[in-house]
Amino acid sequence: MSDPPPVLPEPPWPVAVIGAGAAGLLAAIFAARTGARVVALETRPVPGAKIRVSGGGRCNILPSRAELGDYATSGSRNTMRNLLFSWPLHEVRRFFEEELRISMKVEPNGKVFPSSDRSQDVVAALLKECQRRGVTILGGRSVQRIESLLVDKRRLFRLGFPAGSPMACGRLILATGGLSLPRTGSDGHGLEMARSLGHAVRSLHPALVPLLAVDPRWRELSGISLPVRLRTTGGGRMLEEREGDLLFTHRGFSGPVVLDLSRHVTGSGGEQVRIEAAWLGSNAPDWGAILREPGRRSVAVLLGEHLPRRLADQLLLLARVPGMRTTSELRREEREQLVRHLTACSLEVAGSEGYATAEVTAGGVPLEEISPRTLESRIVPGLYFAGEILDVVGRIGGFNFLWAWVTGRRAGEAAATNLEESRGAPSS
Ligand SMILES: Cc1cc2nc3c(=O)[nH]c(=O)nc-3n(C[C@H](O)[C@H](O)[C@H](O)COP(=O)(O)OP(=O)(O)OC[C@H]3O[C@@H](n4cnc5c(N)ncnc54)[C@H](O)[C@@H]3O)c2cc1C
C-alpha cells in the first residue's frame, strides 16, 4: 500500500526565503519585483543583524571596483564569474543610490559607505523596500527542517519550526549565511539543512579573521599598525602575496592584509602555512644600502627613523643584533640577518581567533551544485541559494556584501520566474 499524501498547510507561499540578511533581503525584494508573493523567515526578531554590525557600524556596502581576483572559491571559477558579473557594479550602486535612496561616498581606499556612516540606514532602506514590494517578513521564526515533497507532480517544500505549524512554499531560497559571528543568527543550521536536502558542504573555515601569534613577543607590540607586504606559502608553493596594513593585537596579527590572507591558514587542514612580512611593503627603503652606509649612528636609531620604535627593537632582538652597534661596526652576518628580518620576517601563527570574530565563512555549498545562471539547485529543483552559504569568499572592502547583493537578486528573480502555482498566498 502506498503512503498517504503528505498533509500540507494550504495554500503554499509561491516563494519563501530563509534568512533575512543581506542576500535574503535582496532575494525577497527581487522576487517580489518579479511578481511573486514572498515570505522571508528570520531567526532573529529583527532582520539584518550582520549588516548592522558591519564595517564597524558603518557598513562597507560595496567596493568601488571588483575583479574575479578579489574572490576565492574551491569550486568553479566560471560559475563565480557568471554570477558576480550578472549585475554590473555600477548598476548595483545605482540600485542602492536611486531606488533605495541611500546616499553613498567612496573613501580613498575604494570602500563605499553610506554617507551617513550608519549601517542602520542601509537596513532601514532595505526593509522599507521590502514593505513597499509587499514582502512579508516574519522575525523570530527559525526554520528547523526542510522537506522537499512532490504533491500532484508539483514540487513543494515543507518548513518546520521549533514550535507552531509548518509552512509550505513552491520555491525556496536558502540565504542563511555561514558560521561567522553566530550571535547575528548565522549559526550554521542552514548548511545542515542544505546537507539534509542532498547538497555537499565544502571545507568550512573562518575567513577574514585575526591570527594568533606563536611568539608572545609580537603581542607586546599590540596597537602598532603599519604597511607591509605579506607572502604566504604552504605545501611547497606560493599561496598569495598581498600588500596592506597590518595591526599587532594583544593576541597576534590583524589588519586588512592579515584578514585577507587568513583563509590560507584556517583552510590549510593542519598543513604548515608560512607567512613572511616585508615591513613597509613597496615603501620600504633599500635596507641593505642603509645598513652598509658607514656612519656613527646606532642601528636602532636608523631603523627607528623608518619603523615604529618598538617594532625596530623587536626586529633587532629577533636578528640578535645589538641595537647600539653602528653601521660601521656591523658584521656581515649581522647585516644579512637584519635585512632578512626587515624584508622576509617570519610571522609564525598558531591558528586564528575562529568564528567568534571571523567576518565570513569560507567554504559552503559547492558552485558545481547550482545553476550558474539562476542559482537553482541541480539536486533539488525549486531550491535556490544566495550569499555566504555558497562556497565563495571575498576579500575585505565590501566584496562580501557585493556577492550577497548580486546572488540575492539573481536567486530572487529566478525563483519568481515562471511560477506555475497561484500567486496568491495565505496571510501570515
Ligand atoms: C563584524 C562583521 C563585519 C562585516 N563587515 C562587512 C563589510 O563592511 N562589508 C562587507 O562586504 N562584508 C562585511 N562582512 C561580511 C558580511 O556581513 C557577510 O558576508 C554578509 O552579511 C553575508 O550575507 P548573507 O545574507 O549571506 O548572510 P547573513 O548576513 O549571515 O544573513 C543570514 C541570515 O539568515 C538567518 N538565519 C540563519 N539560519 C536561519 C534559520 N534556520 N531560519 C531562519 N533564519 C535563519 C540569520 O539570522 C541571518 O539574519 C562583515 C561581517 C562581520 C561578521
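Residues numbered from 1 in each chain as written. Predicted model: local features only at pLDDT ≥ 70, side-chain atom pairs only at ≥ 80, totals over all residues. Heavy atoms only, no water.

What to know about the overall build of the chain
Of regular secondary structure, the chain possesses 13 helices and 21 strands. Along the first, second and third principal axes, the C-alpha atoms of the chain reach 90 × 50 × 35 Å. Considering only residue pairs separated by 6 or more positions, the chain has 72% of its internal contacts joining residues 24 or more positions apart. Approximately 18700 Å² of the chain is accessible, and the part contributed by carbon and sulfur atoms is 48%. (Helix = DSSP H or I, 4+ residues; strand = E, 2+ residues; numbered from the N terminus. Contact = heavy atoms within 4.5 Å. Areas by Shrake-Rupley, 256 points an atom, 1.4 Å probe, with all protein chains shown as cover.)

Considering the site of the ligand
Close to the ligand lie 34 residues; Ala23, Glu42, Val143, Glu388 and Phe401 are nearest. In this structure, a nitrogen atom belonging to the ligand sits 3.1 Å away from a main-chain N or O atom of Gly55. Measuring from a nitrogen atom of the ligand, one finds a backbone N or O atom of Asn60 at 3.0 Å. Coverage of the ligand by the protein chains reaches 95% of its 1000 Å² of free accessible surface. When residues of the shell around the ligand are traced back to their parent elements, those giving at least two are helix H1 (22-33), strand E2 (38-42), helix H2 (49-57) and helix H13 (399-415). The greatest single-element share of the shell around the ligand, amounting to four residues, is contributed by H13. Here the residues of the shell around the ligand are counted per class, giving 13 nonpolar, 15 polar and six charged. (Near = heavy atom within 4 Å. Polar contact = N/O pair within 3.5 Å; in protein donor to acceptor, adjacent residues only side chain to side chain. Nonpolar A, V, L, I, M, F, W, Y, C, P; charged D, E, K, R; others polar.)

What to know about the domain arrangement of the chain
Each assigned domain of the chain is listed here: domain 1 (13-205 + 361-415) and domain 2 (211-352). Between the C-alpha centres of domain 1 and domain 2 the distance comes to 39 Å. Contacts between the two partners involve six residues from domain 1, matched on the other side by seven residues from domain 2. When domain 1 packs against domain 2, close to 560 Å² is buried across both sides, 62% of that on carbon and sulfur atoms. If you sort the residues of domain 1 by the area they bury against domain 2, His205, Arg395 and Ile396 come out on top, with a joint share of 73%. Where domain 1 touches domain 2, the interface holds one salt bridge. Close ionic contact of Arg395 with Asp260 constitutes a salt bridge, the shortest N to O distance being 3.9 Å. Counting every contact that joins domain 1 to domain 2 gives one residue pair in polar contact (both at pLDDT 80 or more). Of the residues contributing to the side of domain 1 that touches domain 2, the split by class is three nonpolar, two polar and one charged. (Domains from an automatic or database assignment. Buried area = accessible area lost by both parts, 1.4 Å probe. Salt bridge = Lys/Arg side-chain N within 4 Å of Asp/Glu carboxyl O.)

Structural notes on the confidence of the model for the chain
When pLDDT is averaged across the chain, the result is 94; 96% of the residues are at 70 or more. Confidence over residues 422-428 falls short of pLDDT 50; this stretch has 18 contacts with residues more than four positions distant or in other chains. (pLDDT = per-residue confidence, 0-100.)

A short note on the side chain of Gln314
Topologically, Gln314 is positioned in helix H11 (residues 309-318). The contact partners of Gln314, leaving out residues within four places of it in the chain, are Arg217, Trp218 and Leu221.

What to know about the packing of aromatic side chains
Here the structure, examined in full by the defined rule, presents twelve aromatic pairs. Ring-pair connections join several aromatic residues into one group, and the members of that group are Phe30, Trp87, Phe95, Phe96, Phe401 and Trp405. Its end group placed over the ring of Phe161, Arg141 keeps NZ or CZ at 4.0 Å from the ring centre. In this structure, Arg409 is placed above the aromatic ring of Phe30, and the distance from its NZ or CZ to the ring centre is 5.8 Å. (Phe/Tyr/Trp six-rings, centres within 6.5 Å; stacked < 30°, edge-to-face > 60°. Lys NZ or Arg CZ within 6 Å of the ring centre and 35° of its normal.)

Quick look at the pairing of strand E16 (residues 273-279)
In terms of burial, E16 is a largely internal element, five of the seven residues being buried. Bridge count for strand E13 (residues 225-234) against E16 is seven bridges, and the pairing is antiparallel. Note on E16: the bridge partner recorded for Thr232 is Ile275. Pairing analysis gives two bridges linking E16 to strand E17 (residues 345-346), with the strands arranged antiparallel. Bridged to Glu276 within E17 is Ser346. (Buried < 20%, exposed > 50% of the residue type's maximum accessible area, 1.4 Å probe, protein only. Pairing = 2+ DSSP bridges.)

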